[in-house]
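Coordinate analysis (summary)
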Amino acid sequence: MERINLASYDRIIVACSGGKDSIASLLHLLECGALLDRMELWHHDVDGQGPSFMDWPSTTPYVHALANYFEIPCYLSWREGGLKGEILRKGVPTAAVLCETPAGLVRRGGAGPVGTRLRFPQVSASLSTRYCSATAKIDVADMALRAQDRFLGSRTLFVTGERAEESPNRARYAVFGPHRTDTRDSRRRCRLVDHYRPVHAWNEAQIWAILRRYGVIPALPYQLGFGRLSCALCVFMSVDQAATLRHIMPERFGALAALEQTFGCTMKRECGLHPFADRGRVYKATLAQPDLVALALERQWHGPVVTPRWVLPAGAFGENVGPG
């Protein structure tokens, strides 16, 4: 495809999970000449600004540290009550979305149909079955775009870091095209939003190479042996990841296992979380770095996000377990 004319957009939004692919997307845009004063980082807080439940506590502070280093505004958005609220939803609508904006905090939604979950998202390429991605990320971004009139009458590029190498399902994603929230043909509320996946054709070696060029320190879970930065307690977790997570966050792991009993339905389908973890081994990098484990479980980022002494993390080219 032709090179994207980045200068033609009034705003460039980079959806930044803190994972290697979203960071590589950001760095690639900078290499292609994207103007910093038109860029924004958007980060979706999966736990909804509440106590840690599914995610790594250090992820949001890490994204903020990246934004501060590159001097790019960072706006958080989240589902009220977080993913936990949706998993435990009983006889109420899906909760509202809150999003930070230049004009302050905006709240939208929360008045939909009444329903009940009381079940974990299930491993599936379908977003209705694996509802966590839609509930905590995709729908949150859509609502944040639709809720802000500053996107009307202007051109916006929405950037995400999916790669074809990750799964057959992601391989079918378009590299470029209109975003779900695009209304460029509307006479009343015209909002041009294009969706761009700049690293879609990249392999993992290219991803780490650009992080090395910029010296960007990978998020702590990578350094502990994890191959990707999804939720800590992701429904796609492998047996080794399960064993590692039970080792470093036994209370949170135990709480999920207890919910399996409450729901009468396991997260992994094949067996309960504890038998699943019994089949795995704790990552060596995790066992060797207890101080780093403690930092990964803190709600702050310590030190710089860029270093001249860059080291490939232990999780590189390892288990690439995550959403399809």
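1. As for the pattern of salt bridges
Counting across every chain of the model gives 17 salt bridges. Across the pair Glu31 and Arg213 runs a salt bridge, and its minimum N-O distance is 3.1 Å. Taken together, the positions of Glu31 in helix H1 (residues 20-31) and Arg213 in helix H6 (residues 204-214) put the pair 182 residues apart, joining distant regions of the chain. Given a relative accessible area of 39%, Glu31 falls into the partly exposed group. The shortest N-O distance in the salt bridge between Arg163 and Glu165 comes to 2.7 Å. Note on Arg163: relative accessible area 0%, which makes it buried. One salt-bridge network, held together by shared partners, links Asp21, Arg163 and Glu165.

2. Notes on the side chain of Ser238
Mapped onto the secondary structure, Ser238 falls in the loop between helix H7 (220-223) and helix H8 (239-248). For Ser238, a relative accessible area of 10% translates into the label buried. A distance of 3.1 Å separates the side chain of Ser238 from the backbone nitrogen of Gln241, its partner in a polar contact. A polar contact of 2.9 Å, which involves the side chain of Ser238, links it to the side chain of Glu319.

3. Examining unusual backbone geometry
Even without a glycine there, the phi angle at Gln49 is positive, about 65°. Examined against the element boundaries, Gln49 turns out to sit in the loop between strand S2 (39-44) and helix H2 (59-70). When its relative accessible area of 43% is taken as the criterion, Gln49 is described as partly exposed. Phi is positive for Arg269, close to 70°, though the residue is something other than glycine. When you line up the elements, Arg269 lands in the loop between helix H9 (250-263) and helix H10 (273-278).

4. Here we look at the sheet that holds strand S5 (residues 104-108)
Strand order in the open sheet formed by 8 strands is S5-S4-S3-S2-S1-S6-S8-S7, with mixed pairing between adjacent strands. Because the sheet does not close on itself, it has two edges, and the strands there are S5 and strand S7 (176-178). Ignoring which end each strand starts from, the neighbouring axes of this sheet average 25° apart. Taken together, the 4 bridges between strand S1 (residues 11-15) and strand S6 (residues 155-159) define a ladder with parallel strand orientation. Opposite Ile13, over in S6, you have Phe158 as the bridge partner.

Conventions used here
Per chain, the residues get numbers from 1 upward, laid out in the order the sequence is written. A pLDDT threshold of at least 70 governs which residues receive local features in this predicted model, and a stricter bar of 80 or more applies before side-chain atom pairs are shown or counted, although totals over entire chains, interfaces and linings include all residues. With hydrogens and water stripped out, all remaining heavy atoms of the structure feed into the side-chain values. A carboxyl oxygen of Asp or Glu within 4 Å of a side-chain nitrogen of Lys or Arg is what we treat as a salt bridge. Note on conventions: DSSP H or I runs of at least 4 residues are helices, E runs of at least 2 residues are strands, and numbering of each starts at the N terminus. Residue burial is assigned from relative accessible area. The probe radius is 1.4 Å, only protein chains are included, and a residue is buried under 20% of its type maximum, exposed over 50%, and partly exposed in between. In protein, a polar contact means a hydrogen-donor-capable atom and an acceptor-capable atom, both N or O and within 3.5 Å, with residues adjacent in sequence counting only if both atoms are side-chain atoms; elsewhere, any N or O pair within 3.5 Å suffices. Here a strand pair is declared whenever DSSP counts at least two bridges between the two strands. Here the axes come from fitting lines to C-alpha atoms, over the contacting stretch only for helices, and the angles between their N-to-C directions go from 0 to 180 degrees.

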